[in-house]
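Reading the structure
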Amino acid sequence: MNGALDQPGDDFVSGFLDDYFAECEEHLEVVRRGLMALEGAVGDSAGEAALLDELFRSYHSLKGISAMVDVREAERLAHELEGYLRRLRDRELALAPDSVAVLIDSTALLESVIAARRAALPPPPIQPAVERLASLSNQPPPAAPANGTAPAQGTEPSAASATWRFSFVPTPALVDRGIKVDSVRSRLSAVGRIMSVMPRVTPRGGITFEFIVTGPADPSSFEAWRQDGLSWERIEAAAGPLAEHASAEPSLRPAPVTLSEAGILAPSHFVRVDLNRLDDVMSRVADLVITRARLEENLARVERMLPAQEWRLLQENTLTMERQLRHLREDVMRVRLVRVDEIFRRMPFVARDVAREARKDVRVVLKGQGTEIDKFLVERMMDPVLHLVRNAVSHGIEPAEHRVAAGKPAQGTITLSASTSGEMVLLEIADDGAGIDTALVAERARAAGARLPDGPIDPGTLLELICEPGFSTRDEADRASGRGMGMSVVRKTVQELGGSVTLDTAAGRGTSFLISLPLTLAITDALIAIAGSHRFAVPQSSVQEVIEVEDAAVRRMENNELIPYRGQALPLVRLRTLFALGAASAPRFHAFVIGTGQDAVALAVDRILGQREIVVRTMSDALLKVDGIPGATELGDGRVVLILDVAALSRQARSGSSGARPAVQRTGAAALSAGQPVGGGVA
Amino acid sequence: MTGSSGRSYILFSVAGTTYAVGTEDVRHMEMIEQITPMPNAGEYLEGVVFSRGQIVPVLNLRARFGLEKAAHDLRTRLVVVQSGERWVGLVVDSAREFVRIPDAAIQPPSHAMSALSTNYVEGIASLGDRLVLVLDVARILDTSMLPVPAASSTDDLARSAMPATETPR
């Protein structure tokens, strides 16, 4: 890419690149919001000016930081954007209707240039965009000279300006009041121009952020900020060299000495951690959990050899360790949680972009952005949500005239909501558009040779149909969506994450996709049970109670077995039957009570061996998609133990589908008998 | 498949026939120890193993090829292959050879071969007087070419609904 960065041993610069990408993301975020708002602000000249100024500064920063790490294409593109924005802001050019469109396109290109650098790929061609921007910026000024209008917001260093060094010391108390680096940054940019931000480590290990700001010479406007952890001093009168014209040149690049002072600290927030490192930490914790479990097993084995007193001490030690590990695990998981907003906040921008192209009027409503989900889920769910939002705009929302004709508001609404329900996160992507034309989908599918039942198809089948790779109701695919691969990828991703998608659509009223995903569940408490010669793990959270059943107490009614339970009759489902493990003939056995009320069942196993923490590994391979077995674990002996989704199993049993499926019984039995014998070793 | 230098292959045998898979498709090989059977799965799926920190599905190649399964013995091996992100273990009768086969020595499968083999045989290689079937790993693992195990009737239905008549783009 370039010599300086690729020099061996230059870990420092590559570490700095990570910060560069993170900082780019922050600036791009501001730009995206700014561009969105710019449309709404047209006509409101004060609002417009403020936005243009904010955009100008963001592009300026992007140019500066790109130059610093030598990402030439990004620097060049940001330079042109900055130049165009400068002329817009200074009223030398009028904001033309398609200006925003050009800005959005160029920003998207800038984003992909940065993404390409991150992926170490060659950058996309920027020349056409550069030329387009250059020709826009080089237009002659509008007829009305700009001199008559007020200068933009007084943020330019002027005669009465000064350079200030602001220091901000973040504390938990301030964070509670909502005062963070970000908010300080925006305060400062409201009064002046931030020339640089530098995190510094104090001798006591705390962090101070130092902002160099050119702003008003009179400090009265920030006098009230002292109680917010801010202090300041005047450095020098702002004159030539720090002003904007010069800053486009290399003088903006901090000298290497300054960089090493900044160290590897993130420019804002407290710490940025590579997700892989968190994964490493998590897998170390998982290893510890397994090791501790082994220790406990070994301890149980030597119980008789040790004096009771000694043994009890050791036992206490492992119990303490278990508790501490549990806390450690919870803490690590909490570190991984981020706000679902990381996905959501991009969507208004995406929707707007598609809507502009499709000539539709759409607004995006976000709900529950504060819901916390695992960072991994954010990474994986970004594209699926993106796709659903694009689909909603291009297929869901009708053109304004159709909407008005149907008595709906001209502007379509897409609602993104997030919430948690027990151990699941729910994401809903809903639009108030035309709904899916079920008849058309069915017609297409039948035309393609599908064996569909006559009459209307249910939402589940509809979802299956539209999730098939290649399915599209459009004859020619438009750019934004309609690429038939989309829905199949959405469903596949969700399933790989152990979640599910459901669909609800009503003609004329809209469509809603509900995605439910497991919260991070890398380690969980499980009960280890044995049935036949197989061990299974049942997550404790799904079990109401563990009971012992006398075989003599089982009542048989037609095809059902019932047991007395708390004065009622509880349906009994045998795991041996469900999994074709052969019949048992023990006088008594154990059962899990699952569900409550009408839904309660007892799931019978041979014996429950005990409770353990298990490391959950999801089984995402298409070969391993078996109802009721979402994952597997390993208990430290190298053997795989299957994890049961008892809720799904009991549903399956209730619907009678398992018993009524001879094919499943047969293949199941074959699969089990073919394997190597698995000993009934106790966990 | 370009160049004349050829690729290297692992040879293994299943029911008396020798097969080859490209070494770049093979993650590793191991003795078979503990396979955990998977209830209610297809007959070709022998179960799952824990291999190199991952849960890996184990496919019985005899069953996959429509042959009688055989009891495992000391020569039985698990060949863990990779296709994209997927790791899948293949149970084979034995696996001992590692050869380089020139591209020119591989000819496409004859149309006269039985439908079962042509589904996943990429070519036929002549190694001296031996004939070796070169396997296409991706196709062996392609679940749409496997008999549908569990009762996902809607999947089945939807799959049949989508032949290649509609272009994906």
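Calculation rules
- Residues numbered from 1 in each chain as written.
- Chains lettered and ligands numbered in written order.
- Predicted model: local features only at pLDDT ≥ 70, side-chain atom pairs only at ≥ 80, totals over all residues.
- Heavy atoms only, no water.
- Helix = DSSP H or I, 4+ residues; strand = E, 2+ residues; numbered from the N terminus.
- Buried < 20%, exposed > 50% of the residue type's maximum accessible area, 1.4 Å probe, protein only.
- Contact = heavy atoms within 4.5 Å.
- Areas by Shrake-Rupley, 256 points an atom, 1.4 Å probe, with all protein chains shown as cover.
- Pairing = 2+ DSSP bridges.
- Core = buried A, V, L, I, M, F, W, Y, C linked by side-chain atoms within 4.5 Å.
- Expected span 1.5 Å × (residues − 1).
- Salt bridge = Lys/Arg side-chain N within 4 Å of Asp/Glu carboxyl O.
- Phe/Tyr/Trp six-rings, centres within 6.5 Å; stacked < 30°, edge-to-face > 60°.
- Axes fitted to C-alpha atoms, helices over the stretch in contact; angles between N-to-C directions.
- pLDDT = per-residue confidence, 0-100.

For chain A, the count of helices and strands is 22 helices and 23 strands. Of all 683 residues assigned to chain A, the portion counted as buried reaches 46%. Here the analysis covers contacts within chain A between residues at least 6 apart in sequence; of these, 70% occur between residues at least 24 apart. Accessible surface computed for chain A: about 32,900 Å², of which carbon and sulfur atoms make up 54%.

With that settled, the discussion passes to the overall build of chain B. Counting its secondary structure elements, chain B contains four helices and 11 strands. Across the 169 residues of chain B, 50% fall into the buried class. Long-range contacts, defined as pairs at least 24 residues apart, comprise 53% of the intrachain contacts of chain B with a sequence gap of at least 6. Within the structure as shown, chain B displays about 8,100 Å² of accessible surface, and the carbon and sulfur contribution to it stands at 50%.

Turning to the sheet that holds strand 10 (residues 121–127) of chain B, a few remarks are in order. Hydrogen bonds between backbone atoms are what pair the strands of a sheet, whose relative direction is either parallel or antiparallel. All names here are of chain B. Ordered by their spatial adjacency, six strands build an open sheet running 8-1-2-11-10-9, and the pairing between neighbours is mixed. Of all strands in the sheet, those with a lone pairing partner are strand 8 (94–101) and strand 9 (106–107), marking the two edges. In terms of strand pairing, strand 10 meets strand 11 (residues 130–135) through six bridges, oriented antiparallel. From the neighbouring strand, Ala 125 faces strand 11, where its bridge partner is Val 132.

Across soluble globular proteins, you tend to see nonpolar side chains buried next to one another. With 59 residues, the main nonpolar core has Leu575(A), Phe592(A), Phe12(B) and Met38(B) as its most contacted residues. Sequence-distant contacts of Leu575(A), that is, excluding residues within four places in its chain, are made with Ala531(A), Phe536(A), Leu581(A), Leu603(A), Ala604(A), Val605(A), Leu644(A) and Leu649(A). By size, the runner-up hydrophobic cluster in this structure holds 49 residues, among which are Met382(A), Ile457(A), Leu462(A) and Leu517(A).

Here we come to helix 18 (residues 459–466) of chain A. Burial of helix 18 of chain A is extensive: six of the eight residues sit out of reach of the surface. Within helix 18 of chain A, burial applies to Thr461(A), Leu462(A), Leu463(A), Glu464(A), Leu465(A) and Ile466(A).

With that out of the way, let us pick up helix 4 (residues 72–89) of chain A. The end-to-end C-alpha distance of helix 4 of chain A is 25 Å, a good match for the 26 Å that 18 residues give at a rise of 1.5 Å each. All of the buried residues in helix 4 of chain A are Ala74(A), Glu75(A), Leu77(A), Ala78(A), Glu80(A), Leu81(A), Glu82(A), Tyr84(A), Leu85(A), Arg87(A), Leu88(A) and Arg89(A).

Let us now look at the pairing of strand 2 (residues 17–22) of chain B. All names here are of chain B. Across the six residues of strand 2, five count as buried, placing the element largely inside the fold. Summarising the sheet, strand 1 (residues 7–14) and strand 2 pair through six bridges and their orientation is antiparallel. Looking at the pairing, Val 14 lines up with Thr 17 of strand 2. The turn linking strand 1 back onto strand 2 is made up of two residues, and Ala 15 within it adopts a positive phi angle of 50°. Direction of pairing for strand 2 relative to strand 11: parallel, over a ladder of two bridges. The residue bridging Ala 20 from the neighbouring strand is Val 134, located in strand 11.

So, on to the pairing of strand 19 (residues 601–605) of chain A. Residues and elements named next belong to chain A. Counted residue by residue, strand 19 has five buried out of five residues, so it is predominantly covered. Residues of strand 19 alternate between two faces, with Val 601, Leu 603 and Val 605 on one and Ala 602 and Ala 604 on the opposite face, all of them buried. Direction of pairing for strand 17 (residues 568–574) relative to strand 19: parallel, over a ladder of three bridges. Paired with Val 573 across the strands is Leu 603, a residue of strand 19. Pairing geometry for strand 18 (residues 588–594) and strand 19, over five bridges, is antiparallel. Across the sheet, residue Val 593 finds its bridge partner in strand 19, namely Ala 602. Where strand 18 folds back onto strand 19 in an antiparallel hairpin, the turn is made up of six residues, including Gly 595, whose phi is positive at roughly 75°.

Before going further, it helps to spend a moment on the side chain of Arg62(B). Residue and element names in this part refer to chain B. Within the secondary structure, Arg 62 sits in helix 1 (residues 61–64). Given a relative accessible area of 17%, Arg 62 falls into the buried group. Other than its neighbours up to four places away in sequence, Arg 62 contacts Val 14, Ala 15, Leu 67, Glu 68, Lys 69, Ala 70 and Asp 93.

In this section: the pattern of salt bridges. Residue and element names in this part refer to chain A. Inspection of every chain in the model, using the stated rule, returns 40 salt bridges over all chains. The salt bridge involving Glu 545 is made with Arg 566; its shortest N-O contact spans 2.8 Å. With a gap of 21 residues between them, Glu 545 in strand 14 (residues 545–550) and Arg 566 in the loop between strand 16 (560–565) and strand 17 connect regions that are remote in the sequence. Residue class for Glu 545 comes out partly exposed when judged on its relative accessible area of 24%.

As a further point, take the packing of aromatic side chains. Think of a pair of aromatic rings as described by two things: how far the centres are apart, and how the planes are tilted against each other in angle. All names here are of chain A. Per the counting criterion, the structure on display carries 11 aromatic pairs over all chains. On the basis of an interplanar angle of 75° and a centroid distance of 5.0 Å, the ring pair of Phe 166 and Phe 222 is categorised as edge-to-face. With Phe 166 in strand 1 (residues 161–168) and Phe 222 in the loop between strand 3 (207–216) and strand 4 (230–237), this residue pair connects regions lying 56 residues apart in the sequence. For Phe 222, a relative accessible area of 0% gives the class buried. Through a chain of ring-to-ring contacts, the aromatic side chains of Trp 164, Phe 166, Phe 222, Trp 225 and Trp 232 assemble into a single cluster.

This next bit is on the sheet that holds strand 9 (residues 424–431) of chain A. Residues and elements named next belong to chain A. Taking strand neighbours across the sheet as the criterion, the five strands line up as 6-8-9-11-10 in an open arrangement whose pairing is mixed. Looking along the sheet, the strands with just one partner apiece sit at the ends: strand 6 (362–367) and strand 10 (500–506). Adjacent strand axes in the sheet meet at a mean angle of 15° when their direction is disregarded. Two elements, strand 10 and strand 11 (residues 510–518), share seven bridges in a ladder whose sense is antiparallel. Paired with Leu 503 across the bridge in strand 11 is Phe 513. Against the sheet, helix 14 (residues 347–358) touches strand 6 and strand 8 (412–421), its axis set at about 165° to strand 6. Packed on one face of the sheet, helix 18 meets strand 10 and strand 11 and runs near 110° to strand 10.

Looking now at unusual backbone geometry. Of note, the phi angle at Arg359(A) is positive, near 55°, even though the residue is not glycine. Along the chain, the position of Arg359(A) falls in the loop between helix 14 and strand 6. The backbone phi angle of Asn40(B) is positive, close to 55°, even though this residue is not glycine. The topology assignment puts Asn40(B) in the loop between strand 3 (26–31) and strand 4 (45–51).

This brings us to the confidence of the model for chain B. Residues and elements named next belong to chain B. A residue-level look at chain B finds 76% of positions with pLDDT of 70 or above and a mean pLDDT of 78. Counting contacts from residues 148–169, a segment whose pLDDT is below 50, to residues more than four positions away or on other chains yields 51 contacts. The ipTM assigned to the predicted complex is 0.78, against a pTM of 0.44.

All names here are of chain A. When you line up the elements, Arg 356 lands in helix 14. In the structure, Arg 356 is positioned 255 residues away from Ala 101 in sequence and 8.3 Å away in space, judged by C-alpha atoms. When near neighbours in sequence (up to four residues on either side) are disregarded, Arg 356 contacts Ala 101, Ile 104 and Asp 105.

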